[in-house]
Amino acid sequence: MIAYLLNKHKEKLMKILEDLDSTKHFGFALMFVEICDADPKLANSILGSPEEGLQTCDNLIISAQEALITQTDNKIYTLKKNVHARVFGLPTCPEVHRTDLPKPTDLGSFLQLSGLIVKTASMKVLEYRRDYECIKCKYKMTIYADHDMNYSINPPTFCKNPEICKGIKFKVVSTLDSTHCKDYQEIKMQEEGKTVSNHMWLILENDLVDVCKPGSTVTVCGIVRNRLKKTHVAGRPLLIEMTLLVNHLQVNNDVGPSTVSTIERNQQFESFWYKYRLYPLYGRDLILRSFCPQIYGMYMAKLAVVIVLAGGSTFHEEGDTNVRTRTEPHLLLVGDPGTGKSELLRFASTIIPRSVRVTGITSTSAGLTAAAVHENGDWHLEAGALVLADGGICCIDEFNSMKEHDRNSLLEAMEQQTVSVAKASIVTKLNTRCSILAAMNHKNSSDNLTESLGLSSPLISRFDLILTVMDKRDDDWDERVADYILNGCKYRSKFFEDKNNKWSLEMLQAYFSLIKSVNPKLSDAANTVLAAYYQLQRNNSISSKSRTTIRLLDSLVRLSQAHARLLQHKTVLIMDAVVVISLIEYGIGKDENSMGLDTEYFKDYPVDPTESYNKICETILSKLNLLGIQDDGDNCDAFPPHVDHKMSLKRKSDCFNNDERSSTKLKCNSKSVETETSVALKKTTVIKSDQKKESLKNSYEKHESVSDNSVKTILEQSKFQVRKRPLDKVKSFASCSSFSSESIFDSEEHEVDFDL
Ligand SMILES: Nc1ncnc2c1ncn2[C@@H]1O[C@H](COP(=O)(O)OP(=O)(O)OP(=O)(O)O)[C@@H](O)[C@H]1O
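So, how was this worked out
- Residues numbered from 1 in each chain as written.
- Predicted model: local features only at pLDDT ≥ 70, side-chain atom pairs only at ≥ 80, totals over all residues.
- Heavy atoms only, no water.
- Helix = DSSP H or I, 4+ residues; strand = E, 2+ residues; numbered from the N terminus.
- Buried < 20%, exposed > 50% of the residue type's maximum accessible area, 1.4 Å probe, protein only.
- Contact = heavy atoms within 4.5 Å.
- Areas by Shrake-Rupley, 256 points an atom, 1.4 Å probe, with all protein chains shown as cover.
- Pairing = 2+ DSSP bridges.
- Axes fitted to C-alpha atoms, helices over the stretch in contact; angles between N-to-C directions.
- Phe/Tyr/Trp six-rings, centres within 6.5 Å; stacked < 30°, edge-to-face > 60°.
- Salt bridge = Lys/Arg side-chain N within 4 Å of Asp/Glu carboxyl O.
- pLDDT = per-residue confidence, 0-100.

**Student:** How should I be thinking about the overall build of the protein chain in this particular structure?
**Tutor:** Counting its secondary structure elements, the protein chain contains 30 helices and 26 strands. Put simply, the protein chain has 756 residues, and 52% of those count as buried. Across the protein chain, the fraction of contacts at a sequence separation of at least 24, relative to all contacts at a separation of at least 6, is 74%. Element-wise, carbon and sulfur atoms account for 51% of the exposed surface of the protein chain, whose accessible area totals about 35600 Å².

Encoded structure:
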């Protein structure tokens, strides 16, 4: 084992030896599988009798230091005795690697657990050993603090001198120095995704103290112990609680994809987007239909919630200054009672693994941010809803029922994504990197947004999207909703007849987890559209001042990235920007709608999403004076990331056959569909000379497995011009307007007329 330490951990040992402070405590991380390889007996003893096994590891690290000092003969090196082996990475078997909190039968076992820290007690200095001297014979004894009795030290009752002494009086001879005291902290861990009652106190000592905050997700390895509850009253039955004496702690605070997605699932999504790559808006609407299926319609509200759940892109730029820009959008649903707002929030919280749902009536600022709690004579910092939702979403229903003061405590948490705590001599900052989804009723029917919502302007401006959900009396709509509720199963089964159309809850969870790793970048064209819309809103005298701050631009970028992410696109295109602008316009309401969009239009699912998108796109771009703008051809090739760009030889040659282009009938089905690239090329490539066209065609026929990259290279080499597509044809890749949603969902094979 010493040889292994010297070989594999020489640098770590040198660092410890070089340190000038010999009273400091050093953690020495050791991977369990490596210990297994180097010394199987020791690995066994760590699992069998962990206290002794870990002590042996500590002694071996000290011996390795001594060996290194002798080897190097460096006089600066000083031996450090306060080293602690921190063993991690236990094998993934249920005996030692747990997803649930331990049971009484696990007492004394060395386990690996994961969970969420909900409470941290203040750091303390613990006297863990005390020296006593027998007054009669001067014999010295050391008594250790008893963990099971809450670290109490009971003085000896008789002298332990081997040369029999009958002394019963002792005096304390030790001082409260570093050899007798150690840093100590207790933190409370909760099983993730379970109720608050499933929690456990973790005991941190020495170098492990103060490494995590409330709201952190951690993976810990340690020994399961029992102790007398601190609230025990003499004479009453004993109350025992379980604790974990932590040996290794790792904070997993990176907000990334969770483990829900599997390889098979990912392949399923790949083939889904492959099927809908020519008409991604159909694919998107299919996800929306599977989202909260018990609610009829609410198209725009569902779209807004789904975009917010997808979230914006995270980029780590070179020379990162560690300043984080917010990527999580916030959404406020405002509307009449009984319009399904709460249902949407409830469904959203079931999709995202880390979600907290609260209602405004019972929430206070301390409950939402953080609270300092006095318990058993000690101050504890308790995480609030936003801190616990770090990396996920926080749904706040009945937002208007919160007191003004409590609502204002959200300001820092929403923009800076932290809460600064200065309570009961605890001064710290906790992370709140989550999206807030709030729902509320209108305060009054005033035209002024601030007045009608009854919220302050700074709070309104922090919401990326404010959507109005009205309960309009409309016979046709009422009939459809009533039909859906009463004959819901019939409706749903008709749509979900094809199993491929139905996205189960598990599938939605896996998808939203998967797309967290897609980070779309803004294209120049999308940038121009967003900037033009921002300018228009700033100059619009009827726009609400609180909705047209600089935050609007940030929101536009975030939401467009989220929409592109939802479609698993690598680049934010004009389509994403236009959809987001229409959402924001829809949220503003008809009176302030600067684009003149028909807001009623969005109440139910459009029969043909592409056609409705084309109309909106035309209206928006003409208002922005950008009718000629187009997506860059290169960017278009960039999405979706998973599309297999290999085309069949026949199809490729078809692409370049100009004579047939004018009325090509393409057969699109899930098995043999042309890639977007082939259609793009079909629509855009202008072959300048027949000779070159012929040579290119021949080159395809020669090389069956030619890839799209080769297509590009060939085009470049031949200096062919790739003409940008005219706007009316390429407003989206979904410009196959002859599709009807019915035909797409019901049949496997579709005849598409490309009018080129
Ligand atoms: N479009 C709809 N389709 C089907 N059911 C609906 C629809 N809108 C509302 N409901 C039903 O009406 C009931 C009330 O919905 P919910 O509690 O979500 O409303 P709310 O907007 O949150 O109301 P409040 O503002 O009073 O809290 C729920 O049972 C919901 O399923």
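From this point on, the discussion continues.
**Student:** I would appreciate a short explanation of the sheet that holds strand β13 (residues 355-359) in the present structure.
**Tutor:** Each strand in a sheet pairs with another by means of backbone hydrogen bonds, the pair being arranged parallel or else antiparallel. Reading across from one edge, β13-β16-β19-β12-β20 is the order of the five strands in this open sheet, with parallel pairing throughout. Bordering the open sheet on either side are β13 and β20 (465-469), each of which pairs with just one other strand. In this sheet, adjacent strand axes meet at a mean angle of 15° when their direction is disregarded. Looking at chain direction, strand β16 (residues 393-397) and strand β19 (residues 435-440) are connected through four bridges and run parallel. Bridge pairing links C394 to I436 in β19. This element, helix α9 (residues 341-351), spans β12 (331-335), β13, β16, β19 and β20 of the sheet and lies at about 160° to β16.

**Student:** Looking at this structure, how should I read the sheet that holds strand β5 (residues 129-134)?
**Tutor:** The strand order across the open sheet formed by three strands is β6-β5-β7, and the pairing between neighbours is antiparallel. Two strands close off the open sheet at either side, each with one partner strand: β6 (140-144) and β7 (170-172). The sheet shows a mean angle of 35° between the axes of neighbouring strands, direction not considered. As paired elements, β5 and β6 share five bridges and run antiparallel to each other. Residue pairing in the sheet places D131 in a bridge with T142 of β6.

**Student:** Honestly, the packing of aromatic side chains in this entry has me stumped. Any pointers?
**Tutor:** Given two aromatic rings, their pairing is described by the distance between the two centres and the angle made by the two planes. Applying the stated criterion to the full structure yields twelve aromatic pairs. A centroid spacing of 5.1 Å and a plane angle of 75° characterise the contact between Y151 and Y184, whose relative ring orientation is edge-to-face. Pair noted here: Y151 is in the loop between β6 and β7 and Y184 is in strand β8 (residues 181-190), with a separation of 33 residues, a long-range link. According to the relative accessible area criterion, Y184 is buried, its value standing at 4%. A centroid spacing of 5.6 Å and a plane angle of 85° characterise the contact between Y276 and Y279, whose relative ring orientation is edge-to-face. No difference in accessibility class separates Y276 from Y279, as the two residues are buried. Among the aromatic residues, those joined into a ring-pair cluster are F269, F272, W273, Y276, Y279, Y282, W503, Y511 and F512.

**Student:** Teacher, can you tell me more about the pattern of salt bridges here?
**Tutor:** When the charged atoms of two side chains lie near each other, side chains of opposite charge can form a pair. Applying the stated rule across the entire model yields 19 salt bridges. One salt bridge in this structure joins E186 and R227, with 2.9 Å as the shortest N-O distance. With a gap of 41 residues between them, E186 in strand β8 and R227 in strand β10 (residues 217-228) connect regions that are remote in the sequence. The exposure classification of E186 matches that of R227, with both residues buried. A salt bridge links D285 to R284; the shortest N-O distance between them is 3.1 Å.

**Student:** Could you clarify how one ought to interpret the confidence of the model for the protein chain in this entry?
**Tutor:** For any part of a model where pLDDT is low, the fine detail of the predicted coordinates should not be relied upon. In this model, the protein chain carries a mean pLDDT of 74, and residues with pLDDT of at least 70 account for 74%. Averaged pLDDT values over the elements of the protein chain bottom out at 31 in strand β25 (residues 721-722) and peak at 92 in β19. Taken as a whole, residues 637-756 scores under 50 in pLDDT and shows 205 contacts with residues more than four places along the chain or in a different chain. The complex prediction reports pTM at 0.68, with the ipTM value standing at 0.94.

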